[in-house]
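Residue-level structural notes
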Amino acid sequence: MRPETVAPVSDPRADGAPLVSIRDLKTYYAIRGSFASRLVGHEAGVVHAVDGVSLDIRRGEVLGLVGESGSGKTTLGRTLLGLVRATGGSVEFEGREISRLPEREFRSLRRRMQVVFQDPHASLNPAMTIAQAIGHPLQIHGLEHDRDGLRLRVAEVLERVGLAPAEAYLDKYPGDLSGGQKQRAVIARALILDPVLLVADEPVSMLDMSVRAKILELMLALKRDFDLTYLYITHDLATARFFCDRIAIMYLGRIVEIGPAAAIYDDPKHPYTRALLRAIPEPDPQRAVPRDLPRGEVPDAARPPLGCHFHPRCPRAFEPCGWESRDLRELLESRWALAAGQAGVEEEQALVGDLGALDRSSAEVRLPASRGRSADEMAALLDRIRDEAPDEPFWRGVRRIEAVDGRLELDFHEPEAPLLAPSGEVEVECHLYRGEPSDGS
Amino acid sequence: MSDPVLRVRRLRVYYGTPGRPVRAVDDVSLDIGEGEVVGLVGESGCGKSTLGRGILGLLPEGARSDGEVLYGGRNLVGLSPKELRRLRGPDLGLVFQEPMTRLNPLLRISDHFRETLKQHEPGLSDEEMRRRSLETLGRMGIPPTRFRQYPHEFSGGMRQRIMIALALVLRPKLLVADEPTTSLDVIVEGQILALLADLKRNFGTALLLITHNLGIVAESCDRMAVMYAGRIVEEGSVRDVFAEPSHPYTRELLRSTISLETTELHSIPGAPPNLIAPPTGCRFHPRCPEAMRVCALLEPVEQQLEAGRRVQCWLHGPERRIPSGGELPLEREAIWVADEA
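How each quantity is defined
Each chain has its residues counted from 1, running along the sequence as written. Going through the entries in the order they are written, you letter the chains from A and number the ligands from 1. Reporting in this predicted model follows two pLDDT cut-offs: at least 70 for local features of residues, and 80 or more for side-chain atom pairs to be given and counted; totals over whole chains, interfaces and linings ignore these cut-offs and use all residues. Strands here are runs of E lasting at least two residues and helices are runs of H or I lasting at least four, both read from the DSSP assignment and numbered beginning at the N terminus. When we talk radius of gyration, it's over C-alpha atoms, and the globule rule is simply 2.2 Å times the number of residues to the 0.38. Three exposure classes are used. Buried residues have 20 or more other C-beta atoms within 10 Å of their own C-beta, exposed residues have 12 or fewer, and partly exposed residues fall in between, all C-beta atoms being placed from the backbone. Placing C-beta atoms from the backbone, we regard two residues as in contact once those atoms come within 7 Å. Strand pairing is defined by DSSP finding a minimum of two bridges between the two strands. Classes in brief: Ala, Val, Leu, Ile, Met, Phe, Trp, Tyr, Cys and Pro nonpolar; Asp, Glu, Lys and Arg charged; the others, Gly included, polar. Inter-axis angles, ranging from 0 to 180 degrees, are taken between N-to-C directions of lines fitted to C-alpha atoms, where helices are fitted over the stretch in contact. Just so you know how the angles are binned, under 35 degrees is roughly parallel, over 145 roughly antiparallel, 65 to 115 roughly perpendicular, and the rest oblique. Each helix crossing is assigned a hand: it is left-handed if the near helix lies turned anticlockwise from the far helix by less than a right angle, otherwise right-handed if that turn is clockwise. Crossovers are described as right-handed under a simple rule: with the strands pointing away from the observer, the path leading from the first strand over the helix to the second runs clockwise. The pLDDT value tells you how sure the predictor is about a given residue, anywhere from 0 up to 100.

Some words on the overall build of chain B
If you tally the helices and strands in chain B, you get 11 helices and 12 strands. In terms of overall dimensions, chain B is globule-like: its C-alpha atoms have a radius of gyration of 21 Å, near the 20 Å expected for 341 residues. Projecting the C-alpha coordinates of chain B onto the three principal axes gives extents of approximately 70 × 45 × 35 Å. Counting only residues that meet the buried cut, chain B has 49% of its 341 residues in that class. Relative to all contacts within chain B whose residues are 6 or more apart in sequence, the contacts with residues 24 or more apart total 66%.

Overview of the overall build of chain A
Helix and strand counts for chain A come out as 16 helices and 15 strands. For chain A, the C-alpha atoms occupy an extent of roughly 85 × 55 × 50 Å along the three principal directions. A total of 441 residues make up chain A; the buried ones form 45% of that total. Counted over contacts in chain A with a minimum sequence separation of 6, partners at least 24 positions apart contribute 66%.

Concerning helix 2 (residues 73–80) of chain A
The buried count for helix 2 of chain A comes to 7 of 8 residues, which makes it a mostly enclosed element. Of all the residues in helix 2 of chain A, the buried ones are Lys73, Thr74, Thr75, Leu76, Gly77, Thr79 and Leu80 of chain A.

A few points about the sheet that holds strand 1 (residues 4–15) of chain B
Residue and element names in this part refer to chain B. Strand order across the open sheet formed by 4 strands is 2-1-4-5, with antiparallel pairing between neighbours. Both outer strands of the open sheet, strand 2 (22–33) and strand 5 (74–75), are each paired with one neighbouring strand and no more. Pairing of strand 1 with strand 4 (residues 63–71) involves 8 bridges; the strand directions are antiparallel. Looking at the pairing, Val8 lines up with Val69 of strand 4.

Notes on the interface of chain A and chain B
Across the contact, 53 residues belong to chain A and 53 residues belong to chain B. Counting residues per element, the side of chain A that touches chain B draws most heavily on helix 9 (residues 209–226) of chain A, which supplies 8 residues. Residues of the side of chain A that touches chain B, tallied by class, amount to 28 nonpolar, 12 polar and 13 charged.

A short note on the packing of helix 8 (residues 179–191) of chain A against helix 9 of chain A
If you want to describe how two helices pack, look at the angle between their axes and the distance between the axes. All names here are of chain A. The N-to-C vectors of helix 8 and helix 9 enclose an angle of 15°; their axes lie 10 Å apart at closest approach. The orientation of helix 8 relative to helix 9 falls into the category roughly parallel. Viewed along their axes, helix 8 and helix 9 form a crossing whose handedness is right-handed. Mapping the contact onto sequence places Gly179, Gly180, Gln183, Arg184 and Leu191 in helix 8 and Val211, Lys214, Ile215, Leu218, Leu222 and Phe226 in helix 9. Across the contact of helix 8 with helix 9, the residue classes break down as 6 nonpolar, 3 polar and 2 charged.

Focus on the pairing of strand 9 (residues 246–251) of chain A
Residue and element names in this part refer to chain A. With respect to burial, strand 9 is a largely interior element, 6 of its 6 residues being buried. Of the two faces of strand 9, the one lined by Arg246, Ala248 and Met250 and the one lined by Ile247, Ile249 and Tyr251 are each fully buried. Relative to strand 9, strand 3 (residues 62–66) runs parallel, the two sharing 4 bridges. Within strand 9, the residue paired with Gly64 across the bridge is Ile247. Bridge count for strand 9 against strand 10 (residues 254–260) is 6 bridges, and the pairing is antiparallel. By the bridge assignment for strand 10, Tyr251 is matched with Arg254. Hairpin connection between strand 9 and strand 10: a loop of 2 residues separates the two successive antiparallel strands, and Leu252 in this loop has a positive phi of roughly 45°.

A closer look at the sheet that holds strand 4 (residues 88–93) of chain A
Residues and elements named next belong to chain A. One open sheet accounts for 4 strands, arranged 2-1-4-5; its pairing is antiparallel. Each edge of the sheet is formed by a strand with only one pairing partner; in this case those strands are strand 2 (45–57) and strand 5 (96–97). As defined by bridge partners, strand 4 adjoins strand 5 across 2 bridges and the pair is classed as antiparallel. Residue pairing for strand 5: Glu92 is matched across the bridge by Glu97. Against the sheet, helix 2 touches strand 1 (20–31), strand 2 and strand 4, its axis set at about 65° to strand 2.

Here's the deal with the packing of helix 14 (residues 343–352) of chain A against helix 15 (residues 375–388) of chain A
All names here are of chain A. Closest axis-to-axis distance for the helix 14/helix 15 pair is 10 Å, and the angle between their directions is 130°. If you check the angle between helix 14 and helix 15, you find them oblique. Here helix 14 and helix 15 pass one another in a crossing that is left-handed. Together, Glu348, Leu351 and Val352 of helix 14 and Glu377, Met378 and Leu381 of helix 15 make up the contact between the two elements. For the contact of helix 14 with helix 15, the residue count by class is 4 nonpolar, no polar and 2 charged.

Examining the environment of Met128 of chain A
Residue and element names in this part refer to chain A. For Met128, the location among the structural elements is in the loop between helix 4 (120–123) and helix 5 (130–140). Looking at Met128, the number of C-beta atoms within 10 Å reads 14, which means it is partly exposed. Note: C-alpha distance between Met128 and Asp171 (43 residues apart in sequence) is 9.0 Å.

Concerning the pairing of strand 7 (residues 197–201) of chain A
All names here are of chain A. Extensive coverage of strand 7 is indicated by the burial of 5 of its 5 residues. Both faces of strand 7 are covered, namely the face carrying Leu197, Val199 and Asp201 and the face carrying Leu198 and Ala200. Sheet analysis places strand 6 (residues 113–116) next to strand 7, joined by 4 bridges and oriented parallel. Its bridge partner being in strand 7, Met113 is matched across the sheet by Leu197. Since strand 7 and strand 8 (residues 229–234) lie parallel, the crossover through helix 9 that links them has a hand, and here it is right-handed.

Let's talk about unusual backbone geometry
Where the residue is not glycine, phi is negative for most of them; where a peptide bond is considered, it is trans in most cases. Note that the residue after Ala164 of chain A, namely Pro165 of chain A, is joined by a cis bond; omega there is -5°. Mapped onto the secondary structure, Pro165 of chain A falls in the loop between helix 6 (147–160) and helix 7 (167–170). Within the chain, Glu94 of chain A stands out as a residue other than glycine whose phi angle is a positive 50°. In this structure, Glu94 of chain A sits in the loop between strand 4 and strand 5. You can call Glu94 of chain A buried: it has 20 C-beta atoms within 10 Å. The backbone of Arg10 of chain B shows a phi angle near 50°, a positive value even though the residue is not glycine. By secondary structure assignment, the location of Arg10 of chain B is in strand 1.

Points about the confidence of the model for chain A
In the predicted model, chain A carries a mean pLDDT of 89, and 92% of its residues have values of at least 70. Across residues 1–14 of chain A, where pLDDT falls below 50, the model places 14 contacts with residues more than four positions away in sequence or in other chains.

Some words on the environment of Thr182 of chain B
Residues and elements named next belong to chain B. You can see Thr182 is positioned in the loop between strand 7 (174–178) and helix 6 (186–197). Its 16 C-beta neighbours within 10 Å are what place Thr182 among the partly exposed residues. Taking the C-alpha atoms as reference points, Thr182 and Tyr15, separated by 167 residues in sequence, lie 26 Å from one another.

Structural notes on the environment of Gly190 of chain B
With respect to the helices, strands and loops of the structure, Gly190 of chain B is situated in helix 6. With sequence-adjacent residues up to four places away left out, Gly190 of chain B is seen in contact with Ala279, Val289, Pro290 and Leu293 of chain A.

Brief notes about the confidence of the model for chain B
With 95% of its residues at a pLDDT of 70 or more, chain B has an overall mean of 89. If you check the scores for this complex, the pTM reads 0.90 and the ipTM reads 0.89.

Written as structure tokens, this is what we have:
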């Protein structure tokens, strides 16, 4: 079903030039904040969902884009597909800049780049039969008008995705199919237009374990048969291992590590990559639940941490990583959580006063003493906390603590944003590796 | 195993008319020891959640149950909703998959705790309620500074921590957690599992952990029960079952789990059956790579194995019950590739 005319061998672009080339891509969303903050007139925020990403997708490869929710991986995929406007930077597809194309021109381009979303139940219109749903793209793009011809092409692609015999599925509704079967139908709908690039956003994560392998194997077989290139977006490094030639790890809008899959799994460099790998449950009773996982969750992308975005959760963070006022708040709160209900906690809370004052993206803390308290008491409290857990990375970021004129002054080291730099076979965005000699360049 | 805190005996849960009932849980027995962590695994549609809810008497409208759920010398099956409500909370807690849908968006976290404590322990003073709530939240990693906030001000992982704290503040003897980490990211999932693994030490609470992820069972559970089509087909210590699964279904589930150590992809053909008309004999026989003729004819008899293990599979006998020729391989039609879950 693949016409010979698509991607001929003589295509000058097929000489190893990447299929997709993304440079310094930025996708920001404006937000108005909560209803309450709008009421009181707080300023609008901007979510830096994708914040300066550069990467290539090579012809015929499977590139895994891995990260947690809030990492920006889905937005990156949607920007590539033109479903979301880029704020800045460039996206080249088959050598052509597409990030600023008008929607009308993009539509014809979408024949060549298709998408499979996570939720197969939401991806199919419950009122359309499988034949209608899968044939729909051909009609939209004006590629097939003849009713019988359409049905024939749908039947053909259904069998290719394992929904065989096709006659048993053509006139069914999505509600008659299981999750795995629906996802096969969604894949069929993407393939019927003969795309070169398939963006698969968590295609198996809603499926039962016993079905995931089948869908992944199907996708690998289809890739071979149809000369496809995949961008596989997932939070799951375990399935990515089977599927991907290269892996890009994303955290809060940035690629923090990228390289050949084997190198990422054998020798993960970024502390975040390491944490993601360690957190995957292993079906091995000898292993216990890991206790040394990064604390907290992915922070709000509207106000990303200074320096390295991962520093507040990083077990190996040190001086330049971007320590800031908010980290002190975090430190105090987790201390108080541990000792909640005990007498000293309320005393400490009263001493520090309003934590809101710490809620700033600043490498300086200037905290006036609460009523009836002195800044010296606050400084003494911090000293005590440091003595209790001197290995806490936070303290490496602290340059100075002083009580001056009735207020606590705390200065952190100057934040430095790390940049993606080569390290061995991979590129990593982490201060721990900045001193390493790069190979090649 | 220590003395069971809960014994389930021949529990059945069915939906629909008595003529053609859907038996979502069919003749299930299970013990949960004090402070024990028991994993309940199986594919979607095997009855795991229904069993979890059946234990707590939280069945949907139209569902009926019989058999015994013995807790503190009483059979919970047949108790009035009012009596059940009194037990739920202080004795039996529940944590769901979707924390946001279980917290009232209009109530502060502090109000959630106060309502719960007031309802079940009306004798507590305000100060005592506050202290207990903060302490429990703190152990779940929620700082006292956030006690007065609303549910929407918390991330998904924190909401799940709050839900667990809300169940634990009543110090239940048993907590049923139904896929508590399914909607969470892998690092947050690990954090929550670490908290659940410490329940015994911190709260003396036993845990029935319902999950489809065998990796989670391996790392967090003492014992495991494997459910297929409404039945527990295998039960044993996690160590034993993983080392040597007795039921082909367990083995196939283990093989199809994708982890970092997986070297080859594997899947189970077909899908769990529709429970309106389950297959005759062993319900797994149409998908079983080792099915024998007897498997399509007769329901397997539960066999006790060594070390407190049990299994429902004709491969483990009893031989005297297998008709002659019954052990020959089953001939059958091929399963379509796409005939799957």
